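Each chain, written out:
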Amino acid sequence: MLKIPSVFWKRAALACLGGVVIGGQATAQSMNDVQKIAKERGLSTADLLAAAKTFTPSGMKDDYIIFSSGGHAGQVFVIGVPSMRLLRSIAVFTPEPWQGWGYGVGEEILAEGFVNGKENLWGDTHHPALSETNGDYDGQWLFINDKINARVAVIDLRDFETKQILKNPLTVSDHGGTFVTPNTEYVIEGAQYSVPWGADYAPISEYKEKYKGSITLWKFDRKKGRIDESKSFAIELPPYWHDIADAGKGISDGYIFLNSINTEMATGGIENNNPPFEAGVSRNATDYLHIIDWKKAEKVYKAGKVDQIKGFPVISLETAIAEGLLHVTPEPRSPHGVDVAPKGDFIVVSGKLDPHATVYSFEKIMKAIESKNFSGKDEFNVPILDFDSVLEAQVEVGLGPLHTQFGPDGYAYTSLFLDSAVARWTLGGSYGAGTPEPDWTLVHKTPVHYNVGHIGVAEGDTVSPDGKYLVSFNKWSVDRFFPTGPLLPQNFQLLDISGQGTEMPVIYDMPIGIGEPHYAQMIKADKLDPWTVYPEIGWDPLHQRLDPMAPRPKSERIERSGDTVEVFMTAVRSHFKPEHVVVKQGDRVVWRITNVERAVDATHGFAIPQYNINLSLEPGETAKVEFIADTPGSFPFYCSEFCSALHLEMIGYFLVEPNE
Ligand code: CUK
Ligand code: CUA
């Protein structure tokens, strides 16, 4: 037995008498101690205030949850606000061993994303979109695009797992997605770089004739929790490059707004003394904001006025123009973000090379369409709405404006890439009443570190923004953290925007060193209602139902039929049952395992050496792995989650008898 010196007890008793009792622990604390440590660490009062706003003691939960794209990681990151703690990643386009994604489960979903059967095992995730009801996040589903291969994924927010991946058959890269319509009728995916349909080959000299722009409307079936490809369609667009899109809401519900770059249709070729793309695509002073009437497009599609291209229904550009569902209007060149204000009345566009946020009035757009107030047509006969007749305001916000989000109080926030700042400015119109500042004015700029891309305000792209917090998703971190070699993390900076006017300080820096996120959405935590264990023992997460084939306690067994061996195994702290699985080399093994635990967080892993298999079995979950036992030998399989004190003892032997 350990002997504890009596002096220890005396000290503890003294501390108890003179101090504060927190959580049953006796400690001596006072504001003097806080000041002492602040002095030692060189912390200012502002730093202490920031700490008080963000520090989240053990057991306290975050008010908001961020769903962030994982960039190259091909995943989604889930982060708590204001603590800025990374809660987990969600495997989407990329195999991820902790979740078993691609190492025994998820293979069929990952395969849905293969292009013409060719493996594609990474993704460049950009824009997550939470499902919406009446333009507000409902916390049920999450969608995310993969820019590199034009794919869209569906994540179920009951278990935070990917349920579907769809490859766009028409195009090869996407950027204008994912965005949802206000009741998640459609998940929008705008193509980015124009290519011939299906990315077929065509010489670049035939760019204008053969290369195509498009936007796809994926029909979401809430009941099934899947995108219904058979009810989805696309609209052909001019062969510009298309950037970000946003869905109208409120009075502009039924419309999609989509930016474009390279309306010059430059084809590059710096090696042949042509202007490089960089210069060629920004020759014109303006590009085109596309205004698409998706409700009209839906009618046109349902009336069968489509062409089947690559097996997918497409409303041709000609039909789109004839049916009056596509208009464009000039926008400052090389725009990036297009963002619809909470009431749907204003559309904010930022041209990267123009210091203004350009604000269009939806009402004026409607009037211009009705009265055919066109300033001409583009090369493809798309009517151009007269710029001055649809413009509401231009607000000088700073250099390199990219994306805009909204607060509840008539404030708009725009990220400034070149200025490395976040601008706060006031909306006009009916928003003006809520703020002390005049309409359409820059109020303040908070410096961020550095080169901000997107920003995310709490529910800041919905019909009812919460404000309070803004996260600046900075691309460069330079000198903010310990240098991790030449590859540095990105920097998510939290800003407190609950104050008015010039008060919007940075209160936290969170490094992200696992890929470069782009957009993220921030939802009120109480809108989410995830399961903490699967509803029943033997749950199949892919189909979200009980699996009748799931092994259950007392039904564990091994069955052989011909060359197929079926294993029905259960996992519980701290053993697998059965523990011996003996097969012959070349057998097909169908291995089913159910985690029969009902305790929260009692996850078991299941890993077999040399077979590239690892599963994560959450309480109640059943999984099935199939493989050929091609490698003879003796393989201790084990539970790869530290689930219990006897976790190392949670093993078994998989014995593969060699063929003689
Ligand atoms: S993003 Cu995709 S290039 Cu500004 Cu939406 Cu980063
Ligand atoms: Cu189960 Cu470790």
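Residues numbered from 1 in each chain as written. Chains lettered and ligands numbered in written order. Predicted model: local features only at pLDDT ≥ 70, side-chain atom pairs only at ≥ 80, totals over all residues. Heavy atoms only, no water.

(A) Up close: the overall build of the protein. Along its length, the protein carries ten helices and 46 strands. The globule rule puts the C-alpha radius of gyration for 660 residues at 26 Å, and the 28 Å found for the protein is close to it. With respect to the three principal axes, the spread of C-alpha positions in the protein is 85 × 75 × 50 Å. Burial statistics for the protein: of 660 residues in total, 57% are counted as buried. In the protein, the proportion of contacts linking residues at least 24 apart, taken out of those at least 6 apart, comes to 60%. Carbon and sulfur atoms form 55% of the exposed surface of the protein, whose accessible area is close to 28300 Å². (Helix = DSSP H or I, 4+ residues; strand = E, 2+ residues; numbered from the N terminus. Rg over C-alpha atoms; globule rule 2.2 N^0.38 Å. Buried < 20%, exposed > 50% of the residue type's maximum accessible area, 1.4 Å probe, protein only. Contact = heavy atoms within 4.5 Å. Areas by Shrake-Rupley, 256 points an atom, 1.4 Å probe, with all protein chains shown as cover.)

(B) Geometry of the nonpolar core. Core analysis: the largest hydrophobic core is formed by 38 residues, its most contacted members being Ile 215, Ile 235, Ile 292 and Ile 315. Beyond its immediate sequence surroundings of up to four residues, Ile 292 is in contact with Ile 215, Ile 235, Leu 237, Gly 254, Tyr 255, Ile 256, Leu 258, Leu 325 and Leu 326. (Core = buried A, V, L, I, M, F, W, Y, C linked by side-chain atoms within 4.5 Å.)

(C) Representation of the sheet that holds strand β10 (residues 174–180). What the six strands build is an open sheet, ordered β10-β11-β12-β13-β18-β17; its pairing is mixed. Either end of the sheet is taken by a strand with one partner, and the two such strands are β10 and β17 (307–309). Geometrically, the sheet is characterised by an average inter-axis angle of 30° between neighbouring strands, direction not taken into account. Bridge count between strand β13 (residues 226–237) and strand β18 (residues 312–315): two bridges; the pairing is parallel. Directly across from Ile 235, in β18, lies its bridge partner Ile 315. The strands that helix α7 (residues 294–302) touches are β11 (186–191), β12 (213–221), β13 and β18; relative to β13, the one it contacts most, it runs at about 105°. (Pairing = 2+ DSSP bridges. Axes fitted to C-alpha atoms, helices over the stretch in contact; angles between N-to-C directions.)

(D) Inspection of a nonpolar patch on the surface at higher detail. A contiguous nonpolar patch, built from Met 31, Val 34, Leu 43 and Leu 48 and spanning about 320 Å² of accessible area, is present on the exposed surface. One can find Met 31 in helix α2 (residues 31–41). Judged by relative accessible area, Met 31 falls into the exposed class, the value being 59%. (Patch = residues over 30% accessible without salt bridge, like charges linked within 9 Å, V, L, I, M, F, W, Y side chains within 5 Å. Salt bridge = Lys/Arg side-chain N within 4 Å of Asp/Glu carboxyl O.)

(E) Main features of empty space enclosed by the protein. Throughout the structure, instances matching the rule amount to two cavities of 30 Å³ or more. What lines the largest cavity is a set of 20 residues, among which Phe 179, Asp 246, Asp 461, Tyr 519 and Gln 521 lie closest to the centre. Those elements that provide at least two residues to the lining of the largest cavity are β6 (125–133), β10, β14 (241–247), β26 (401–406) and β30 (452–458). When the residues that make up the lining of the largest cavity are grouped by side-chain class, the tally is eight nonpolar, seven polar and five charged. Quantified by volume, the second largest cavity comes out at close to 40 Å³. Every residue lining the second largest cavity is listed: Ile 90, Ala 91, Gln 99, Trp 101, Phe 160, Glu 161 and Thr 162. (1 Å grid on protein atoms, 1.4 Å probe; cavity = no way out; pocket = protein on both sides within 12 Å on 5 of 7 lines; lining within 4 Å. Points joined across faces, edges and corners; volume = space filled by probe spheres on them. Nonpolar A, V, L, I, M, F, W, Y, C, P; charged D, E, K, R; others polar.)

(F) Representation of the layout of surface pockets in the model. Each pocket or cavity is described by its volume, and for the largest pocket that value is around 1200 Å³. What lines the largest pocket is a set of 29 residues, among which Leu 87, Arg 88, Pro 530, Trp 531 and Thr 532 lie closest to the centre. A total of three residues in the lining of the largest pocket trace back to one element, the largest contributor, which is strand β5 (residues 85–91). Looking at side-chain class alone, the lining of the largest pocket contains 14 nonpolar, five polar and ten charged residues. Counting residues per element, the ones that place at least two in the lining of the second largest pocket are α4 (107–112), β9 (161–167), β36 (545–546), β43 (613–617) and β44 (622–628).

(G) A look at α7. Turning to α7, its buried residues are Trp 294, Ala 297, Glu 298, Val 300 and Tyr 301. Take α7 and look down its axis: the buried residues cluster within an arc of 160°, on one side only. Structural note: α7 exposes Lys 299 and Lys 302 on the side pointing more than 90 degrees away from its buried face. Measuring from the side-chain oxygen of the N-cap residue of α7 to the backbone nitrogen of Lys 295 gives 3.3 Å; that N-cap residue is Asp 293. One or two steps after α7, the chain reaches Gly 304, where phi turns positive at roughly 80°. (Arc of directions from axis to C-beta. Polar contact = N/O pair within 3.5 Å; in protein donor to acceptor, adjacent residues only side chain to side chain.)

(H) Examining the pattern of salt bridges more closely. Under the criterion given, the structure shown has 31 salt bridges. Linking Arg 222 and Asp 138 is a salt bridge whose minimum nitrogen-to-oxygen distance equals 2.9 Å. You can see Arg 222 sitting in the loop between β12 and β13 and its partner Asp 138 sitting in strand β7 (residues 136–146), a full 84 residues away along the chain. Measuring nitrogen to oxygen at the nearest pair gives 3.9 Å for the salt bridge that ties Lys 367 to Glu 363. Taken together, the positions of Lys 367 and Glu 363, both in helix α9 (residues 362–370) and four residues apart, correspond to about one turn of that helix. Of the two residues examined, Lys 367 and Glu 363, each falls in the exposed class. Several salt bridges share partner residues, and in doing so they unite Asp 136, Glu 459 and Lys 527 into one network.

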